[in-house]
Every structure is written in C-alpha cells, then in structure tokens.
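Secondary and tertiary structure notes
One letter stands for each residue in the lines below.
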Amino acid sequence: MSNSSEIERCPRCGSGNIIGYRGTWECYSCGYKFRLESITDYEKTVKRFFPLHDQEPSKKEKTILHQELKTAKNLGGVAALIGFFTYFISPFNLYFSSFVDFISLIMLLIAVSKISEIFHEPKIRSNYLVYFLVGLFVIFSDIFLEEAFIYALFFGFDLDILIQFWTLVCVPLVVGTFFLKRSYEAIEKRTGVKSFGTAAILYFIGAILLFIAIGAILIFIADIFNIVAFFSIPEKG
C-alpha cells in the first residue's frame, strides 16, 4: 500500500478521499485514477490547479477548473464535428473544404492546448503542434494537387501524380499522425477516455495505408472516434 500521507489530495477534484497501491492512486470522490512518476510531479499538478496546497480548494477554484475542461471538451468536439463535414463538402468545393479544415485545425489546437494546460502536460500541446503544422502543409498540398487529380480523372493516373501524392500527402501525414498519436495517448492517460487512443492508432495506421483505399476508410472511422472522444471528456474528470 502506498503512503497516502505524501499524496494528500486528488489532483483533479482536490478531495483527500484517495487511496494508493503500488504507485497508482484512486480518488473515491470523483473516481479519477492517477499514476505520477514522483511526488514533485504531483505537487506541480496540484499547485497548477490549487495554489493553496495546505488548504482545501475553494468551490470557486473547482468551478473554474471544471469550466475550463468543459470549454476544451465542447470546443474540441465541435471542431472535430466541423472537420468531419468536410467529407461532404470537398466533392463540390475543395477550396471551401480546405478553409473549413483549416478552421477545424485551429479550433482543435486551442482545445488541445487548453487540455495540456489543465493537466500540466506540455507534451500534449507540443506533440499536437507538430501535427497541426503538418496538417497545414497537407491542406495546401491538396489544393496544389487539385488540378492534377482532375486531369487524372479524365486521362488516368500516371507515375508523376502518384509520386507527388505520396511525397506531399502520404509521407507528411504519417509523420504528423505519429505526433498526434503521442498527444492523444497522453490525453487518454489523463482523462481516461479510451476513444482518444483508438482515434490515434486509426489515424496513424490510416496514414500509413493511405495509398490504398483502406487507409482513407480508417481515417474516416478515426474522425468519428475523434468526435466521440472530445464529447466524452468528463467535465468534472
């Protein structure tokens, strides 16, 4: 049994009703389970949420934290939903679809950055930022390749078009989704929402297999899990 005298309160809700075993703690007030590498890591988390470590956090402090998490949840969910609708827009207007994708990416970056700040986990934001930059590159690459794809629809795909698609879209997506996977896995660990981990692995495998149809299907499914993941974040997690 771990010494709970060192870990005095839950880093989420601030309750002292916690119990630990072999380095893993569980809060019996909110149900949150957490595992920290060190007491210092724990203290950083608590001080981020509740600066007055020696006192029970006020109702106002808890309300602010829960509101921040709720904002990140709703912003991320709406952004993922907006991005999903580009599947139905792109066949009619690729430029508008790319613009919507751009807005969705920015909203998701804000949501993920807020989650990173709430849980005092900088790697959540830093890894997602890499994916964000790669995503921007891919959006502009899609616009650049539009005329080539239209030509290919009428005259057939040639090797040059396939090479351009592979180097400007497939390879960058594999790199980007690798960092997205790391970011989402960290979010899953902090929130307990397993849909983040599922979406992450589907995005990564889908990017690897994008040169065949199954890759696009996996990314489509990943987008659905992405929506579910954000809207499943417990507001009082």
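Here the structure is a predicted model, which is why all the values come from computation and not from measurement.

All right, on to the environment of Ile82 then. You can see Ile82 is positioned in helix α2 (residues 59–84). Among the residues examined, Ile82 registers a relative accessible area of 28% and is labelled partly exposed. Along the chain, Ile82 and Met107 lie 25 residues apart, while their C-alpha atoms are 9.8 Å from each other. Excluding residues that lie within four positions of it along the chain, Ile82 makes contacts with Val100, Ser104 and Met107.

A separate point is the confidence of the model for the protein. Scored by pLDDT, the protein has a mean of 79; 74% of the residues are at 70 or more. The secondary-structure element of the protein with the lowest mean pLDDT is helix α1 (residues 39–49), recorded at 47, while helix α7 (residues 194–208) shows the highest, at 95. Confidence drops under pLDDT 50 across residues 1–6; counting only partners more than four residues distant or on other chains, this segment forms 11 contacts. Of the regions scoring below 50 in pLDDT, residues 37–43 engages in 12 contacts with residues more than four places distant in sequence or in other chains.

A few words now on unusual backbone geometry. Phi is positive for His120, close to 50°, though the residue is something other than glycine. With respect to the element layout, His120 can be found in the loop between α4 (94–118) and α5 (122–155).

Conventions adopted
Residues numbered from 1 in each chain as written. Predicted model: local features only at pLDDT ≥ 70, side-chain atom pairs only at ≥ 80, totals over all residues. Heavy atoms only, no water. Helix = DSSP H or I, 4+ residues; strand = E, 2+ residues; numbered from the N terminus. Buried < 20%, exposed > 50% of the residue type's maximum accessible area, 1.4 Å probe, protein only. Contact = heavy atoms within 4.5 Å. pLDDT = per-residue confidence, 0-100.

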